[in-house]
Structure formats: structure tokens, C-alpha cells
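Summary of the model geometry
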Amino acid sequence: MSWIKTIPPSEADAELTALYEKVVDPRSGQLDNIMTVHSLSPRGLSAHFDLYCTVMRGSRSLRKVDREMIALTVSQLNACHY
Amino acid sequence: MDRIEADFRTAGLEPRRLAMLSYVEKLTRTPGQMKLEDVDSLRSEGFNDTDILHIAEVAGYYAYANRIASGLGILLEEEG
């Protein structure tokens, strides 16, 4: 899943459990690896999730599809397949 | 070194989106070379300052997320 230790939900303390419940993908019911990788630092997990939600929310003049095109382009240029 | 390509240039995009992705390409490849003219090229396609802010935020966010994923060896989840 990653090169560093991640804490599975079964071993998460109350704080991390609450965060996992907050960040679970509602469509798939899955925890994304880009979130659980932060498990050793819950504040980072929470901050990342909030940043993601803020940045990727569509607006009238920059719709979600435009934001996703930017995401795809940047990720291609960074050779990131995640 | 091979140049990593982003394939938006051959996707037949309208000028507005082409300008948006050209801006994020330059920002991603050569962030130290950005100039006022790059922002003005977005303005000339009708993006306002809030749009431009959001474009930079999304590009900046993915610079962060890509490095987290690549630096820590994150693989895409198995489809459930």
C-alpha cells in the first residue's frame, strides 16, 4: 500500500477512527491510500482532506471537470499514476 | 532526458481550456519562470482573478499530492 507504516482501521485509536470515518469515499465506501498514508500524523491527514475538498469543489466559472483536467495534466507531468 | 508529455495539446480543446492547461503546464514544469504575462494570458481568455486563484490552487494541490504519492510509494487502490 505504501513504503511507510500505515495504521489499519482495526488498530486506529479514537481520533484516527473518527478521521477515517470522515474521509471515507462515499461512492466506493473505501479509504483512499492518499489519506491513510497520513495515519502516523492525524493532523496532516485532516489538513490534506480539508485542502482537497476546498480545492476540488467546483464553482460556476471553474467547474469540477476543469479542475479534474488540471489534476490529470499536472499528474501526467509529474509522472504520477496514482 | 526524455520530456514527459501531457497530451492536452492534441485533445482538440477550446482556447479557454488550452490556455488554462498551458498555464498549469508551465507552472508545473518551470515554476520559477512564471510571469505576469502568464496570468494575463488567462485573463484574456475570460478568467477572472478568483478563477486564476483556483487554477493555481488546483495545480499547487496536485504538486503536493503527487509528491506524497510518489515519495511514499502509494499504489492506486484495488477496485472494490
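Scoring rules and cut-offs
Residues numbered from 1 in each chain as written. Chains lettered and ligands numbered in written order. Predicted model: local features only at pLDDT ≥ 70, side-chain atom pairs only at ≥ 80, totals over all residues. Heavy atoms only, no water. Helix = DSSP H or I, 4+ residues; strand = E, 2+ residues; numbered from the N terminus. Buried < 20%, exposed > 50% of the residue type's maximum accessible area, 1.4 Å probe, protein only. Contact = heavy atoms within 4.5 Å. Polar contact = N/O pair within 3.5 Å; in protein donor to acceptor, adjacent residues only side chain to side chain. Buried area = accessible area lost by both parts, 1.4 Å probe. Salt bridge = Lys/Arg side-chain N within 4 Å of Asp/Glu carboxyl O. Nonpolar A, V, L, I, M, F, W, Y, C, P; charged D, E, K, R; others polar. Axes fitted to C-alpha atoms, helices over the stretch in contact; angles between N-to-C directions. Left-handed = near helix turned anticlockwise from the far one by under 90°. Arc of directions from axis to C-beta. Core = buried A, V, L, I, M, F, W, Y, C linked by side-chain atoms within 4.5 Å.

Quick notes on the environment of Ala59(B)
- Relative to the helices and strands, Ala59(B) resides in helix α3 (residues 49–71).
- A residue is classified by how much of its surface remains accessible, and Ala59(B), at 4% relative accessible area, is buried.
- Along the backbone, Ala59(B) and Glu25(B) are 34 residues apart, and their C-alpha atoms lie at a distance of 8.8 Å.
- Excluding anything up to four places from it in sequence, Ala59(B) contacts Ile70(A), Val74(A), Val24(B) and Leu27(B).

Observations concerning the side chain of His48(A)
- Turning to its location among the elements, His48(A) is positioned in helix α3 (residues 42–56).
- Judged by its relative accessible area of 1%, His48(A) falls in the buried class.
- Here His38(A) takes part through its side chain, which lies 2.7 Å from a polar atom of the side chain of His48(A).
- Dropping the residues within four chain positions of it, His48(A) is found in contact with Ile34(A), Met35(A), His38(A), Tyr61(B) and Tyr64(B).

A look at the interface of chain B and chain A
- Opposite the 40 residues of chain B that make contact, chain A presents 34 residues.
- Interface area, chain B with chain A, both sides summed: about 3300 Å², of which 65% is carbon and sulfur.
- Where chain B touches chain A, the interface holds one salt bridge.
- A salt bridge links Asp66(A) to Arg17(B); its shortest N-O distance comes to 2.6 Å.
- At the surface where chain B touches chain A, the tally comes to nine residue pairs in polar contact (both at pLDDT 80 or more).
- When residues of the side of chain B that touches chain A are assigned to their parent elements, the largest contribution, 17 residues, is made by α3(B).
- When the residues that make up the side of chain B that touches chain A are grouped by side-chain class, the tally is 22 nonpolar, seven polar and eleven charged.

Concerning the packing of helix α4 (residues 64–77) of chain A against helix α1 (residues 15–29) of chain B
- Running from amino to carboxyl end, α4(A) crosses α1(B) at an angle of 35°, the nearest separation of the two axes being 10 Å. In this structure, α4(A) crosses over α1(B), and the sense of that crossing is right-handed. Of α1(B), the residues touching α4(A) (which contributes Val65(A), Asp66(A), Met69(A), Ile70(A), Thr73(A), Val74(A) and Leu77(A)) are Arg16(B), Arg17(B), Met20(B), Leu21(B), Val24(B), Glu25(B), Thr28(B) and Arg29(B).
- Residue composition of the contact of α4(A) with α1(B), grouped by class: eight nonpolar, two polar and five charged.

Side note on the pattern of salt bridges
- Taken as a whole and judged by the stated rule, the model has ten salt bridges over all chains.
- A salt bridge links Asp25(A) to Arg27(A); the shortest N-O distance between them is 3.7 Å.
- Within this structure, Asp66(A), Glu14(B) and Arg17(B) form a network of salt bridges that share partners.

Structural notes on helix α2 (residues 36–43) of chain B
Residue and element names in this part refer to chain B.
- For α2, the full list of buried residues reads Asp38, Val39 and Leu42. Down the axis, α2 shows its buried residues gathered within 95° of arc, on one side only. Those residues of α2 that are exposed and aimed more than 90 degrees away from the buried face are Leu36 and Glu37.

Details of the nonpolar core
- One finds Ile70(A), Met20(B), Val24(B) and Ile55(B) to be the most contacted residues of the largest nonpolar core, which totals 25 residues.
- If you list the elements that add at least two residues to this core, you get α3 and α4 of chain A together with α1, α2 and α3 of chain B.
- In terms of residues, this core owes the most to one element, α3(B), which gives seven residues.
- Setting aside its immediate chain neighbours within four residues, Ile70(A) contacts Met20(B), Leu21(B), Val24(B), Ile55(B), Val58(B) and Ala59(B).
- Leu16(A), Val23(A), Phe49(A) and Ala69(B) belong to the second-largest nonpolar core, a separate cluster that totals 14 residues.

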